Structure formats: structure tokens, C-alpha cells
Amino acid sequence: MTQPRIFEGLEGVLVSRTQLSSVDGAAGQLVVRGRAIEALVSEVAFESMVGLLLDGALPGASALAARQAELGAARVRAHAWLEPRFEAIAASDAMTTLRSALSLLPSEATAADALGMAAVATAAWIRRARGGQLPAPKPGLPHAHDLLRMLSGGEPVDGAARLLDAYLVTVAEHGFNASTFAARVTASTGADLAAAMVSGVATLSGPLHGGAPGPVLDMLDAVGSAEHAGDYVRAELAAGRRIMGMGHRVYRVRDPRAFVLERALSLYRSGQGESSRLALARAVEAAAEAELARKYPERALRANVEFYTALLLEALDVPRGAFTAIFACARIAGYAAHYAEQRQSGRLIRPSALYVGELPSVSG
Ligand code: COA
């Protein structure tokens, strides 16, 4: 009897149609609703990206102002929901806290509510970890600017809010990655938007998905200086450990978001003199790429989005423990768009597995 074919990890399996984004792993191209990620990052703010994802088109001036006001109002509502409950849900881990905060959203919560809650809860976690109080949101500010102001407790330095905005645009949407798929599975059951956001964020927390950037910085710290990069990578691979920030399920070339983030960071840093941290990161990336190519000649393992995410968020003085939560602050826009698409056109997602366990013994 021929064995049925099993697609472990669903690699290469088409499970749906989507109009939201295309991830071309061979060409290294990310397109969101017809626009290349490189163009979006240099041309639009996060509010416009949210509009593009949720409405299908970039907003004009008045729609953009309305979207900014909507997100500002959502941050204020989130602050009111969160403030009396924050101590009860605050955990030592930022992603656990964020997951609990999203669970506070009512069943009629909108995408803006989820984005507002993510920003306020993440900023609250960071401020608490630093022994400070969460500043109240300023609804008139752009979302990235207010997020940075809330988490740092002061006005951002020149260029910093623009850098965070570029990051949020870059990572807002990325096809059927594991956490987006989890959010779609939840949406497919008819559950509410808040439930789908919790599924997505919970799935994002794993080190193979959104949890890599903190360990990328740990790696840079352990390498110390560029001349040790090769030895470090060889020792890690010999010990059977993975190099964080390298490799991708879909990309067979360097992740286009790594280019975008490296460029944004380099521009930001150029105003402050050459960054030795960036030079070290480039050396570690080059060493990792060379050693991984030697070990896996058949499979291109290049830098992914997390590699330069780590440096960018470090440059913004975001603590390592909150990197994945900041990622979620952006990706929730993608989850919400997928939620709407799944609810509109999708079918209950319910795959099957080949049972390989014991069977009842046949008596008699
Ligand atoms: N360092 C060392 N080896 C790696 C590696 C890495 N970063 N990424 C993949 N490999 C190896 C695997 O160990 C595997 O080797 P094996 O066949 O000897 O077991 C081989 O390459 C193929 O990898 P596979 O696990 O099939 O790839 P995947 O598609 O399941 O994994 C990732 C993709 C992202 C999970 C993987 O590349 C990884 O773990 N990267 C590090 C974590 C990370 O940066 N995550 C963020 C993703 S955006």
C-alpha cells in the first residue's frame, strides 16, 4: 500500500489565497498589496501601512489623519483598561504580559484597539522593568512616536521616532508565517478578533519565530570583536547550536527586510558617527554566512529580519526582553488584516494527520 505523503511543517503547501502579501523566497522579494517593502518603508508611515493592510489602499491625507486619530484614541482607551489591571497581569516576560493584556480586550474590539493595547502594554512593561511609571498616551502623536515616548519616558531624540516607524512598517506583514497562520486558524472558527490576536502573539513568542533578536545581541556580546567572529560561529555549529538571526523557512537569499533595516539603521547612525556595533554585526553576519554555506552547501542560510531588528531596537534603547513584543506591536496590523480576509473568504481550517499510534486489539 502506498503511504500518504506528509508535509511536515506545511512547507510548500498552499492553504489559501491572499491579497495581502507575497513572499518570494527565491528572489528575496516582499510585496504588500502590490507595493515593494523597500518603497513602503521609504514612503509611508505606520498609520498608512495599517490603512493599506486593512482598507486595501494607501490613505489620502484626510484618511491618514483619521487613522492617526483612531490609533491615538485606541491608545487612550487601552491605557484606561490597562492601568487598574496592569499589576495583576504584569509578568517577568514581556510576551506573557502582552498576551494577557490582549485578553483584556472586549469581544467587539477592533484592529485599532489591538494595536493600541499592544503599544501601551509593551511600553508599560518596559517602564515597569525600569522602575518607572507608564506615561499616559498622547493621542495627537503619530503611533511610533508615542510608543517610543511612552516606553522611554521622555521625548525621542532626532530621527528615533522615524527609525521605529520604519521598523514597524517593515515587519507589519509577512505572508503565512506561523503566527499569522495561527491567527487565521482562530479566525476560521468564527472566534473574535481579540482571540485571534492572542493566538498570533502567543505563537510569535517562540525562539524560532519572533524570539530570535534578543539572542542575536547575546551572540554579539559573546563574540566581542570582529576577529573572533569566525571562531565563535564554528564553535557554535560544532556544538550543534543554531546561529540566531540566520536562515529562513522561505527565503533562499538574504531576507529583503534585513537590507531595509540595515539601511535605516545605518542612516540613523550616520548622524552619530560610525557605529562599532554595526561593524561587529556585519562581521558576524559574514562569518555566519560563510560557515553555514560550508556546512549546508545545498541550503542557503542567510541573515533574516531578526538580525538587524536586534541592532535597530538596541539603538532605540529598547531592552532585549521587549524586542519580540515590539515586533508584535507591528505584526498585529498584519494579523488583523488576515483576520478580516479569513472571515470574509476563508473556510474552517481543519487539516488531518496520519494516525501512527496503537489500534484496539481485535478480540475473538
Ligand atoms: N544555524 C545553524 N543551522 C541552521 C540554522 C541556523 N540559523 N538554520 C537552519 N539550520 C540548519 C538546520 O539545523 C538544519 O540542519 P539539519 O538538517 O542538519 O538538521 C538545516 O539547516 C535546515 O534547516 P531547517 O530546520 O529545515 O529550516 P527551517 O526552514 O525549519 O528553519 C528557521 C527556518 C528560521 C527556523 C531556522 O533557519 C532557524 O532556526 N534560524 C535561527 C532562528 C531565527 O533566526 N529565527 C527567526 C526567523 S525569521
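Cut-off values and rules
- Residues numbered from 1 in each chain as written.
- Predicted model: local features only at pLDDT ≥ 70, side-chain atom pairs only at ≥ 80, totals over all residues.
- Heavy atoms only, no water.
- Helix = DSSP H or I, 4+ residues; strand = E, 2+ residues; numbered from the N terminus.
- Rg over C-alpha atoms; globule rule 2.2 N^0.38 Å.
- Buried < 20%, exposed > 50% of the residue type's maximum accessible area, 1.4 Å probe, protein only.
- Contact = heavy atoms within 4.5 Å.
- Areas by Shrake-Rupley, 256 points an atom, 1.4 Å probe, with all protein chains shown as cover.
- Lys, Arg positive; Asp, Glu negative; His and termini not counted.
- Charge placed at Lys NZ, Arg CZ, Asp CG, Glu CD.
- Pairing = 2+ DSSP bridges.
- Axes fitted to C-alpha atoms, helices over the stretch in contact; angles between N-to-C directions.
- Parallel < 35°, antiparallel > 145°, perpendicular 65-115°, else oblique.
- Nonpolar A, V, L, I, M, F, W, Y, C, P; charged D, E, K, R; others polar.
- Patch = residues over 30% accessible without salt bridge, like charges linked within 9 Å, V, L, I, M, F, W, Y side chains within 5 Å.
- Salt bridge = Lys/Arg side-chain N within 4 Å of Asp/Glu carboxyl O.
- Near = heavy atom within 4 Å.
- Phe/Tyr/Trp six-rings, centres within 6.5 Å; stacked < 30°, edge-to-face > 60°.
- Polar contact = N/O pair within 3.5 Å; in protein donor to acceptor, adjacent residues only side chain to side chain.
- Core = buried A, V, L, I, M, F, W, Y, C linked by side-chain atoms within 4.5 Å.

Q: So, the overall build of the protein chain: which residues are in play, and what are the values?
A: Within the protein chain, the regular secondary structure consists of 16 helices and 3 strands. For 364 residues, the compact-globule formula gives about 21 Å, and the C-alpha radius of gyration of the protein chain, at 21 Å, lands near that figure. For the C-alpha atoms alone, the extent of the protein chain along its principal axes is close to 75 × 55 × 40 Å. When the 364 residues of the protein chain are sorted by exposure, 50% land in the buried category. Contacts in the protein chain between residues at least 24 apart in sequence constitute 74% of all its contacts with a sequence separation of at least 6. When the accessible area of the protein chain is evaluated, it comes to approximately 16,800 Å², of which 53% is carbon and sulfur surface. Charge separation in the protein chain, taken as the distance between the mean sites of 36 positive and 36 negative side-chain charges, equals 3 Å.

Q: Talk me through the sheet that holds strand β1 (residues 21-24); I want residue IDs and the actual numbers.
A: Read from one edge to the other, the open sheet built from 3 strands follows the order β1-β2-β3, with strand pairing classed as antiparallel. Every other strand in the sheet has two partners, leaving β1 and β3 (35-36) as the edge strands with one partner each. As paired elements, strand β2 (residues 29-32) and β3 share 2 bridges and run antiparallel to each other. Looking at β3, one finds that Val31 is bridged to Ala36.

Q: An account of the pairing of β2 is needed here, citing residue identities and associated values.
A: One face of the sheet, then the other: side chains in a regular strand alternate in exactly this way. In the sheet, β1 pairs with β2 via 4 bridges, with the strands oriented antiparallel. The residue of β2 that forms the bridge with Val23 is Leu30. Turn length for the β1-β2 hairpin, with the two strands adjacent in sequence and antiparallel, is 4 residues, and the turn residue Gly28 shows positive phi of about 70°. Where β2 folds back onto β3 in an antiparallel hairpin, the turn is made up of 2 residues, including Arg33, whose phi is positive at roughly 45°.

Q: Hey, could you go over the packing of helix α8 (residues 160-171) against helix α13 (residues 256-270) for me, with residue numbers and the actual values?
A: Across the interface, α8 lies against α13 with an axial gap of 10 Å and an inter-helix angle of 180°. Compared by their axis directions, α8 and α13 come out roughly antiparallel. Along its contact with α8, which presents Ala160, Leu163, Ala166, Tyr167 and Thr170, the element α13 presents Arg257, Val260, Leu261, Ala264, Leu265 and Tyr268. Classifying every residue of the contact of α8 with α13 gives 9 nonpolar, 1 polar and 1 charged.

Q: I'd like to hear about a nonpolar patch on the surface, residue by residue, with values.
A: There is a patch of nonpolar side chains on the surface, built from Phe7, Leu10, Val13, Val15 and Phe176 and spanning about 380 Å² of accessible area. Tracing the sequence through the fold places Leu10 in the segment before β1.

Q: Any chance you could break down the site of the ligand for me, citing the residues and the numbers?
A: Near the ligand, the surroundings consist of 19 residues, among which Arg242, Ile243, Gly245, Met246 and Arg249 are the closest. Taking 860 Å² as the accessible area of the ligand by itself, protein coverage stands at 75%. Grouping the constituent residues of the shell around the ligand by class yields 10 nonpolar, 5 polar and 4 charged.

Q: A description of the packing of aromatic side chains should follow, citing residues and the corresponding values.
A: Under the defined criterion, the tally for this structure stands at 2 aromatic pairs. With a centroid separation of 6.4 Å and 40° between ring planes, the pair formed by Phe176 and Phe181 is classed as tilted. Judged by centre distance (5.2 Å) and plane angle (55°), the ring pair of Phe307 and Tyr308 falls under tilted. For the pair Phe307 and Tyr308, a shared accessibility class is recorded, and that class is buried.

Q: Tell me about the side chain of Glu285, and please be specific about residues and values.
A: Relative to the helices and strands, Glu285 is located in helix α14 (residues 276-295). We classify Glu285 as buried; its relative accessible area is 6%. Within polar-contact distance, the side chain of Glu285 engages the side chain of Arg254 at 2.6 Å. Ignoring anything within four residues of it in the chain, the contact list for Glu285 reads Met246, Arg254, Ala303, Phe307 and Tyr308.

Q: Give me the lowdown on the pattern of salt bridges, citing residues and values where you can.
A: In the structure shown here, the tally under the stated rule is 24 salt bridges. Where Arg67 meets Asp55, a salt bridge forms, and the shortest distance between an N and an O atom there is 2.7 Å. You can see Arg67 sitting in helix α3 (residues 61-82) and its partner Asp55 sitting in helix α2 (residues 46-55), a full 12 residues away along the chain. On the basis of relative accessibility, which here comes to 12%, the residue Arg67 falls in the buried class. Notably, a salt bridge pairs Arg294 with Glu291, separated by 3.0 Å at the nearest N-O pair.

Q: Can you tell me about the nonpolar core, naming the residues and giving the values?
A: Formed by 115 residues in total, the largest nonpolar core has its most connected members in Leu102, Leu164, Tyr167 and Met197. In contact with Leu102, not counting residues within four places along its chain, are Ala114, Met117, Ala194, Met197, Val198, Val201 and Ile332.

Q: Give me the lowdown on unusual backbone geometry, citing residues and values where you can.
A: If you check the backbone angles, Leu10 has positive phi at about 55° while not being a glycine. On the basis of relative accessibility, which here comes to 38%, the residue Leu10 falls in the partly exposed class. Backbone geometry places Arg33, a non-glycine residue, at a positive phi of 45°. Given the relative accessible area of 23%, Arg33 is considered partly exposed.

Read these as spatial facts, not as claims about activity.
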